[in-house]
Amino acid sequence: MFLASVFITSCYLDKGNYDYTPVSDIEITGIETSYLKVSAIDTLKIDPVVKSDYGDNLEYRWVIFESPVKADTIGREKNLEYFVTKGVGSYSIFLYAKSKTNGYFVHQSTSLTVGTLFTRGHYILKEDSSGNTDMDLLLDDGRLVSNILLNTQGSTLSGKPRSMGILYGKQFVDPDSLTKVSAHCLGIITYNKKISVLRASDMRKLYDHSSMFFDEPNDTPYKLLTGLWCNLYLSDNGTYSSYVGDQGTGKLGFPSGEPGGSDFWAVSPSLAGMVYWDETKSRILWSNYNGVANALTDAVNPTSNLNFNCLFMGNYKGVVYCLFRDKANQARLVLYRITTSSMSAPPKVNKVVEIAATSKMHGATMFASNQYTADIIYFVNNNKLYYYDAVNNTEYEITAAGLPANETITFVSNRQYNVATPNFDYLTIGTYLSGTYKLYMYNMIGGQPNGSPVRTTSGTGKIKETHYLGTSFSDFDLLMGKRYSR
Amino acid sequence: MINKFSKYILIAFSAIFVSGCENKLEMFNHSDGLNFIYNNNVDSIVNYSFVYGPSTAVTDTILLNVETMGFIGENAREVTLEQIPAEGTNAISGTHYVPFNDPTVKNNYVIPKGVVTATLPVIIKRDASLKSSTVTLVVGFKENNYFKSGLPKRSRFKIIFTDQLSKPANWAAYAIGYFGAYGVVKHQFLIDQTGKKWDDEYLSKELGFTSSTTYTGGTNSNYDAAYCEYLLEVIIRKLSAYNALRISQGLGVLKEADGTIVSF
């Protein structure tokens, strides 16, 4: 019996069926690689194309993953219609299509970025009818979110708007968890020296002037912005910095390097730093990629103790233009062309141009540079738009289609963003008439507005600035040539 | 008959295979032992200075966490501590610490019945000699009727104490990186200027520095680079002003006892 049991296996007859039947494949197409939706506002609709020989004999399952171990089923039909309820963040969505006949299945995935209304779009810094500061948000889909400070903070910010800046990866101590985190923020400054740093996702105020320092200085604030890998604060004390996304409190200590600052500054992508005017000492400063300020020196042209008033600074690629008015001769305008070649080399004064006495720049009320596509400077004189050709030192009037003559131009700027979609490079013009602003965004050819504005909106108040807030930021992308306007 | 024979064969083979599967386990026969509890080697050392405590204090207590090896005791078990000779100036029993067999402390050295961990107090004394010296007390376990040897790597606890400022263990890679090499005069200057102790607790909780001697692992979650840079700048400015005052008084810049100029 024992021996028999040993040899039982040798009596086994393999009755397996090796006459295989080919299984029909399932092909899923029509799903984009990524989607961006607003939580509690948007519905994600995906209508995939499914090809197979199974006909209606397929079952579907849509699953959203917050993490590899946390998932929810959000649909069991071929077409997905999901009202987005997830919080701000990035998610993976998988569609599984399975044969009811034999269990064969395939899947296709995509990514979903969930934001709030505030996480993406053109922010419009404006002066309200009371002379205080508020902002609107033009969403990518054309909707306008109005009076955000009034509606989220309970009041506008005291004083006329001075500047706004996007602070990517701003460090702070999360007020809920009391842990050090970072998030994209908006930094607003008024002429009443009021500062408000707001977390973009929910408009929660993180810092004001009294709380954003380890030891609050008595200074005049000019600008908050993100440089390369530092978030910067420019005041008449100098340049303060904290690293993007580094896990700290985000509070500021002392300015780095040379003191001084003003409302006139430019960011050079090749320098990965700023060139700016020191109002106190009448000199030109520059800061490097770490936000350390230095005095600009030049063997030929004076750069300090200048008897000038600065009228404008702006950049075209790695060139920074500084327009000055001579204090001793108000009819004299001087344009400095400062070149920046690399992150490691100090800027140099390339040339200094005397602006012709006949130039309409003499009476101009606002200036802006084209930042990438044309070596020109825009300016407004008597409510007409011109550009100054910085190569040939000539100037021309600009005709912008659809720009009503009875509206007063209050804002001109080249606004660009190509870090992620939407990829744009607009000549942006803001106008004001009877308590209402209008915003016109033009595509450009050679720095000129091309055709009618591709985006417009209007609201109450007077535009000071606009800034596009994107959802992603990477210093590596900036080093690789990605750009966005500060 | 054939069936009966087959059955015996089967039983015999089964017995062989059953015995072949047996994996005999040995009973635990190690003597009960004691270990100090620390998460890493750094925890095995305590740097203490009486200068941080009340000026009237004449003693202080260092708590040593210990654990047992072996079976849980059905009765309280006595722990016998002993001083192990160490490098440097050894603490003197009775002068720098209360002897472990002193009746006032002896009863504290007990593992209560039914438990495997305990906290044992070592009482150090503020002898006048500590004003000018730093002593080391290495504590170990002495075998007794209840406990034999424990794990060799957890058998020592070093207490370094003084009545003057001493280098905190957390004055390591990051502290040196920001504030330079340690010095007693520098330490006192930092205390005077900031009102903080600059001891291990401050360095860890306020600045986020660990005792790591390399930058890897040199900080904890309390670390904020911007704050450390800010604080460094504050201190540099204070030292500059302090030195200017000293120079105006003919004292020269601040120096350590060996003449090293205090700098940050």
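The structure contained in this document is the topic of the report that follows.

Criteria and thresholds
Residues numbered from 1 in each chain as written. Chains lettered and ligands numbered in written order. Predicted model: local features only at pLDDT ≥ 70, side-chain atom pairs only at ≥ 80, totals over all residues. Heavy atoms only, no water. Helix = DSSP H or I, 4+ residues; strand = E, 2+ residues; numbered from the N terminus. Buried < 20%, exposed > 50% of the residue type's maximum accessible area, 1.4 Å probe, protein only. Contact = heavy atoms within 4.5 Å. Areas by Shrake-Rupley, 256 points an atom, 1.4 Å probe, with all protein chains shown as cover. Buried area = accessible area lost by both parts, 1.4 Å probe. Salt bridge = Lys/Arg side-chain N within 4 Å of Asp/Glu carboxyl O. Nonpolar A, V, L, I, M, F, W, Y, C, P; charged D, E, K, R; others polar. Polar contact = N/O pair within 3.5 Å; in protein donor to acceptor, adjacent residues only side chain to side chain. 1 Å grid on protein atoms, 1.4 Å probe; cavity = no way out; pocket = protein on both sides within 12 Å on 5 of 7 lines; lining within 4 Å. Points joined across faces, edges and corners; volume = space filled by probe spheres on them.

### Observations concerning the overall build of chain B
- Scanning chain B for helices and strands turns up six helices and nine strands.
- Every one of the 264 residues in chain B was classed for burial, and the buried ones make up 37%.
- Taking all contacts inside chain B whose residues are at least 6 apart in sequence as the whole, residues at least 24 apart take part in 73%.
- Within the structure as shown, chain B displays about 15300 Å² of accessible surface, and the carbon and sulfur contribution to it stands at 55%.

### Comments concerning the interface of chain A and chain B
- Chain A puts 13 residues into the contact, and the matching count from chain B is 13 residues.
- Both sides of the chain A and chain B interface together cover about 1100 Å² of buried area, and 70% of this is carbon and sulfur.
- At the boundary of chain A and chain B, one finds zero salt bridges.
- Looking at the side of chain A that touches chain B, its residues break down into four nonpolar, five polar and four charged.

### So, the side chain of A:S235
Residues and elements named next belong to chain A.
- Here S235 is to be found in strand 18 (residues 230-235).
- Judged by its relative accessible area of 0%, S235 falls in the buried class.
- One polar contact links the side chain of S235 to the main-chain amide nitrogen of N237, over a distance of 3.0 Å.
- Here S235 is in contact with D219, T220, P221, Y222, Y240, G260 and G261, once residues within four sequence places are set aside.

### Section: the side chain of A:N381
Residues and elements named next belong to chain A.
- Take N381: it is sitting in strand 29 (residues 376-381).
- According to the relative accessible area criterion, N381 is buried, its value standing at 15%.
- Excluding residues that lie within four positions of it along the chain, N381 makes contacts with K360, G363, A364 and Y386.

### Some words on empty space enclosed by the protein
Residues and elements named next belong to chain A.
- For the coordinates displayed, the defined rule picks out one cavity of 30 Å³ or more.
- Put simply, the largest cavity is a space of about 50 Å³.
- Around the largest cavity, the lining residues are H122, R415, Q416, Y417, F424, T466, H467, Y468, Y484 and S485.
- The set of elements that each furnish at least two residues to the lining of the largest cavity consists of strand 32 (408-417) and strand 38 (462-469).
- Residues that form the lining of the largest cavity fall into these classes: four nonpolar, five polar and one charged.

### Re the layout of surface pockets
- Taken as a whole, the second largest pocket encloses approximately 420 Å³ of empty space.
- The wall of the second largest pocket is formed by 24 residues, among which A:S241, A:F254, A:S256, B:E229 and B:Y230 lie closest to the centre.
- When residues of the lining of the second largest pocket are assigned to their parent elements, the largest contribution, seven residues, is made by helix 6 (residues 225-248) of chain B.
- Taken together, the residues of the lining of the second largest pocket break down into twelve nonpolar, eight polar and four charged.

### Concerning the pattern of salt bridges
Residues and elements named next belong to chain A.
- Going through the model one piece at a time under the given rule, you end up with 24 salt bridges over all chains.
- The partner of D174 in a salt bridge is R199, with the nearest N and O atoms 3.2 Å apart. Taken together, the positions of D174 in the loop between strand 13 (161-173) and strand 14 (180-190) and R199 in strand 15 (residues 195-199) put the pair 25 residues apart, joining distant regions of the chain. Both residues of the pair, D174 and R199, belong to the buried class.

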